[in-house]
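Here's the letter readout for the chains.
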Amino acid sequence: MSTSLSPIPFVDLNRQHQAIKAELTSAIQTVVDAGWFILGPQVEAFEHEFAQYSDAAYCVGVGNGLDAIQLLLRAYGIGPGDEVIVPSNTFIATWLAVSDVGATPVAVEPDRLTHNIDPAAIEQAITPRTKCIIPVHLYGQPADMDPINAIADKHKLVVIEDNAQAQGALYKGRKTGSLGHAAATSFYPGKNLGAMGDGGAVVTSDAQIADRVRVLRNYGSKQKYVHLEKGENSRLDELQAAILRVKLRHLDECNTQRRTLAAQYSQQLASLSVKTPFVPEWAQPVWHLYVVESDQRDALQAHLAKAQIQTVIHYPIPPHQQACYAQTHGGLEFPIAEAVAGRVLSLPLFPGMRDDEVHRVTQSIVQFTR
């Protein structure tokens, strides 16, 4: 394939933003004109709208997705001496939030087909110190929540969904983010619902937990200069909230585009040696990522790069092999997570991507597999 062709980026946020530029500009101008930039009417309105979208009673906007998980753990009283079950195959933020509150992340292997945490492997990881399970809806595909919740009920554990990659996904017709005791999400710009900077949120139908997170995110304070506990500064700001309110109105449309693109990939790659994503019949993903597997992943990535097609590996080094966990998890083996890390490749997929670009990607993969 000629390198004179225009590059295909892994993600192009400009295409999405240009389509709603007038709405975004108006929302930003509203905040500028109001002169209110922290915990004002835009945050309050977004919290109400995103709670409704998530089929939850409450939303609390925070600084980022990592803080969202950490603040929820604090709100549930989880800390030193406690254990929290996390996937062995996930972005490291899920683990870091557990470590940040002084608890211990206990890794459980993924289902080999979906790459999400395997419910069948959770129960054997539970000890008297276990307090919580954090399933991650990886790549925008729901984890299998019914058996996870059944295990949690049996052992009286909290379930916190990490919904950072799956805003709008459905599990048996129900929204992710509404399936556990609470959920944390990220509004990092590349997410399905992305801000123009960092941002995150907690959603829950538990009034006490929502209230506790509101206090913790704001220096441990409900009233200015009155601090009930040692809180943090982790607040979704007004500009980001205004931007997110606009983009939330278009989220379902963007997710529909992602589903269409994913279906095209799966159809066009069906007969090749690369492994396309497996989707259980009960799942309706939102395709934050379209992840294929290949025994020759690195060579395939190099081939696509030569064809001016950008790809990304999510994630090349599992958390237990990262240097920051060498003292606590060094020497442990999680062979499924390690195998996945050596085989996965995320293809370009984003709202505004054209059919001809998908075809060009798949044809380049066809050339590689010949």
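Everything quoted here is computed from the prediction, not taken from an experiment. (Residues numbered from 1 in each chain as written. Predicted model: local features only at pLDDT ≥ 70, side-chain atom pairs only at ≥ 80, totals over all residues. Heavy atoms only, no water.)

Q: Just give me the short version of helix α11 (residues 297-306), but keep the residues and values in it.
A: Because each turn of an α-helix spans 3.6 residues, side chains separated by three or four positions end up pointing in the same direction. All buried positions along α11 are accounted for by Arg-297, Leu-300 and Leu-304. The buried residues of α11 occupy one face: seen down the axis, they fall within an arc of 65°. Of the exposed residues in α11, the ones pointing more than 90 degrees away from its buried face are Asp-298 and Lys-306. Contact partners of the buried residues in α11: α13 (335-341), β14 (344-347) and α14 (355-369). Once α11 finishes, Gln-308 follows within two positions and takes phi at roughly 65°, a positive value. (Buried < 20%, exposed > 50% of the residue type's maximum accessible area, 1.4 Å probe, protein only. Helix = DSSP H or I, 4+ residues; strand = E, 2+ residues; numbered from the N terminus. Arc of directions from axis to C-beta. Contact = heavy atoms within 4.5 Å.)

Q: Any details on the side chain of Asn-116? Residues and values, ideally.
A: Residue placement: Asn-116 occurs in the loop between β3 (104-108) and α6 (119-122). A polar side-chain atom of Asn-116 sits 3.0 Å from the main-chain amide nitrogen of Leu-138. What Asn-116 contacts, discounting residues up to four positions off in sequence, is Pro-110, Asp-111, Val-136, His-137, Leu-138, Gln-141, Pro-142 and Ala-143. (Polar contact = N/O pair within 3.5 Å; in protein donor to acceptor, adjacent residues only side chain to side chain.)

Q: Let's hear about helix α9 (residues 238-249): which residues, and what values?
A: Taking 1.5 Å of rise per residue, 12 residues should cover 16 Å, and α9 covers 17 Å from first to last C-alpha, within 8% of that figure. Summarising burial for α9: nine of the 12 residues are buried, a large majority. Among all positions of α9, only Glu-238, Gln-240, Ala-241, Ala-242, Ile-243, Leu-244, Val-246, Lys-247 and Leu-248 are buried. Against α1 (13-19), α2 (21-34), α3 (41-53) and α10 (251-268) lie the buried residues of α9. (Expected span 1.5 Å × (residues − 1).)

Q: Hey, could you go over the pairing of strand β4 (residues 130-133) for me, with residue numbers and the actual values?
A: Here strand β2 (residues 83-87) pairs with β4 via three bridges, running parallel. The partner of Glu-83 across the bridge, within β4, is Thr-130. Bridge analysis of β4 against strand β5 (residues 158-162) gives two bridges, and the strand direction is parallel. Of the residues in β5, the one forming a bridge with Ile-133 is Val-159. (Pairing = 2+ DSSP bridges.)

Q: Explain the environment of Ala-242 residue by residue, including any values.
A: By the secondary structure assignment, Ala-242 is in helix α9. Considering only alpha carbons, one finds Ala-242 and Cys-324, 82 residues apart in sequence, at a separation of 36 Å. Setting aside anything within four residues of it in sequence, one finds Ala-242 in contact with Ala-27, Val-31 and Gln-42.

Q: How would you explain the pairing of strand β1 (residues 58-62) if you had to name every residue and give the values?
A: Among the five residues in β1, four count as buried, and that is most of the element. Two strands pair when backbone bridges link them, and β1 and strand β9 (residues 200-204) are joined in this way by five bridges, in the antiparallel orientation. Its bridge partner lying in β9, Val-60 is registered against Val-202.

Q: Describe empty space enclosed by the protein, listing the residues and the values that go with them.
A: To find leftover empty space, a probe the size of one water molecule is rolled over the atoms. Tallied over the full model, the rule gives four cavities of 30 Å³ or more. Each pocket or cavity is described by its volume, and for the largest cavity that value is around 140 Å³. Lining the largest cavity are 15 residues, and of these Thr-114, Tyr-139, Pro-277, Phe-278 and Val-291 lie nearest its centre. For the lining of the largest cavity, the residue count by class is nine nonpolar, four polar and two charged. (1 Å grid on protein atoms, 1.4 Å probe; cavity = no way out; pocket = protein on both sides within 12 Å on 5 of 7 lines; lining within 4 Å. Points joined across faces, edges and corners; volume = space filled by probe spheres on them. Nonpolar A, V, L, I, M, F, W, Y, C, P; charged D, E, K, R; others polar.)

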